[in-house]
Amino acid sequence: GQFDSVRAVRAAVAWFAKNEIGVRRRQATRFTAILCANPDGLMVGLGAANGAGGRVDRGYPPKGPAYLSPTAPEAAYLWRWLGMRAPDVVIDVRAGEKLRVSMLGEVAAESEPSATRATVWPDFARRLGATTDGLEADDLVAALPRSAVGGVGTIPAVRIETPMERAGESLE
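This write-up is about the structure you can find in this document. (Residues numbered from 1 in each chain as written. Predicted model: local features only at pLDDT ≥ 70, side-chain atom pairs only at ≥ 80, totals over all residues. Heavy atoms only, no water.)

Moving on, we come to the overall build of the protein. Along its length, the protein carries seven helices and three strands. When its helices and strands are written in sequence order, the protein yields α-α-α-α-β-β-α-α-α-β. Of all 172 residues assigned to the protein, the portion counted as buried reaches 40%. Nonlocal contacts in the protein, meaning residues at least 24 apart in sequence, comprise 68% of its contacts between residues at least 6 apart. A total accessible area of about 9100 Å² is found for the protein, and carbon and sulfur atoms account for 52% of it. (Helix = DSSP H or I, 4+ residues; strand = E, 2+ residues; numbered from the N terminus. Buried < 20%, exposed > 50% of the residue type's maximum accessible area, 1.4 Å probe, protein only. Contact = heavy atoms within 4.5 Å. Areas by Shrake-Rupley, 256 points an atom, 1.4 Å probe, with all protein chains shown as cover.)

Structure below.
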């Protein structure tokens with residue numbers, strides 16, 4: 001929940017809508033944007049904290065009964081929503097001081113991605129020099145390719161931290 005990250009997502013969405021490369025990628029991939037997974041934290045300036053003692057950027061996959069977390073209900077809702085949407089890839093766009101691309105180590109290091117995995121985005125992340133820097137085991141980007149989301153399947157995920165002025169072009 002940071003306003004700079006919301007602006008970075010908006011810039012990436014605008015790039016997908018207008019840039020020739022973005023339009024081609026959009027034609028091959030279902031595209032949905034979540035501007036902010038933590039609106040409560042955003043509105044009170046708490047960053048990843050949500051005001052109920054939890055964090056939206058950690059705790060994946062969520063534990064316990066769905067939607068009953070007293071501290072991090074956003075994580076359960078986001079996890080379930082991703083399972084229902086079954087996206088080809090999740091790109092976690094955040095504002096940062098410099099371009100940094102992160103993804104789960106096993107995916108980043110694969111030389112022959114599995115035929116059951118969407119390969120375009122992991123290849124794209126590898127070209128950008130993706131590392132596992134900044135990813136914790138219970139981070140959304142680390143959990144999606146490891147754990148079946150909603151019992152359906154795993155999802156490749158990439159985090160792109162980018163300066164605001166490069167938010168859209170970071171996806172080239």
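We are not done yet, so read on.
Let's shift gears to the pattern of salt bridges. One pass over the structure, following the stated rule, counts six salt bridges. Two residues, Asp92 and Arg159, come together in a salt bridge whose shortest N-O distance is 3.1 Å. Taken together, the residues span a long stretch of sequence, with Asp92 in strand S1 (residues 90–95) and Arg159 in strand S3 (residues 157–162) at a distance of 67 residues. Taken together, the shared-partner salt bridges connect Asp92, Arg94, Asp139 and Arg159 into one network. (Salt bridge = Lys/Arg side-chain N within 4 Å of Asp/Glu carboxyl O.)

A word on the environment of Val152. On the secondary structure map, Val152 appears in the loop between helix H7 (140–143) and S3. Once the C-alpha coordinates of Val152 and Gly83 are considered, the two residues, 69 residues apart in sequence, prove to be 6.5 Å apart.

This part is about the side chain of Ser5. With respect to the helices and strands, Ser5 occurs in helix H1 (residues 3–18). Looking at Ser5, the relative accessible area reads 13%, which means it is buried. Excluding residues that lie within four positions of it along the chain, Ser5 makes contacts with Val93, Arg94 and Ala95.

Read from one edge to the other, the open sheet built from three strands follows the order S1-S3-S2, with strand pairing classed as mixed. The sheet is open, and its two borders are formed by S1 and strand S2 (100–102), each paired with just one other strand. Across the sheet, the mean angle from the axis of one strand to that of its neighbour is 15 degrees, orientation sign disregarded. (Pairing = 2+ DSSP bridges. Axes fitted to C-alpha atoms, helices over the stretch in contact; angles between N-to-C directions.)

This brings us to the packing of aromatic side chains. Centre distance and the angle of the planes are the two values used to describe a pair of aromatic rings. This model, assessed by the stated rule, comprises one aromatic pair. Ring centres of Tyr60 and Trp79 lie 5.9 Å apart, and the angle between their planes is 35 degrees; on these two criteria the pair is classed as tilted. Of this pair, Tyr60 sits in the loop between helix H3 (39–43) and helix H4 (73–85) while Trp79 is found in helix H4, placing the two residues 19 residues apart along the sequence. For Tyr60, a relative accessible area of 2% translates into the label buried. (Phe/Tyr/Trp six-rings, centres within 6.5 Å; stacked < 30°, edge-to-face > 60°.)

Turning our eyes to something else, we now look at the side chain of Ser147. Relative to the helices and strands, Ser147 is located in the loop between H7 and S3. A relative accessible area of 17% places Ser147 in the buried class. Excluding residues that lie within four positions of it along the chain, Ser147 makes contacts with Pro61, Trp79, Gly153 and Thr154.

All right, on to the pairing of S3 then. For S3, the tally of buried residues reaches six of six residues, placing the bulk of the element in the interior. The alternating pattern of S3 places Ala157, Arg159 and Glu161 and Val158, Ile160 and Thr162 on opposite faces, both of which are buried. Two strands pair when backbone bridges link them, and S1 and S3 are joined in this way by six bridges, in the parallel orientation. Its bridge partner being in S3, Asp92 is matched across the sheet by Arg159. Bridge analysis of S2 against S3 gives three bridges, and the strand direction is antiparallel. Bridge pairing links Arg100 to Glu161 in S3.

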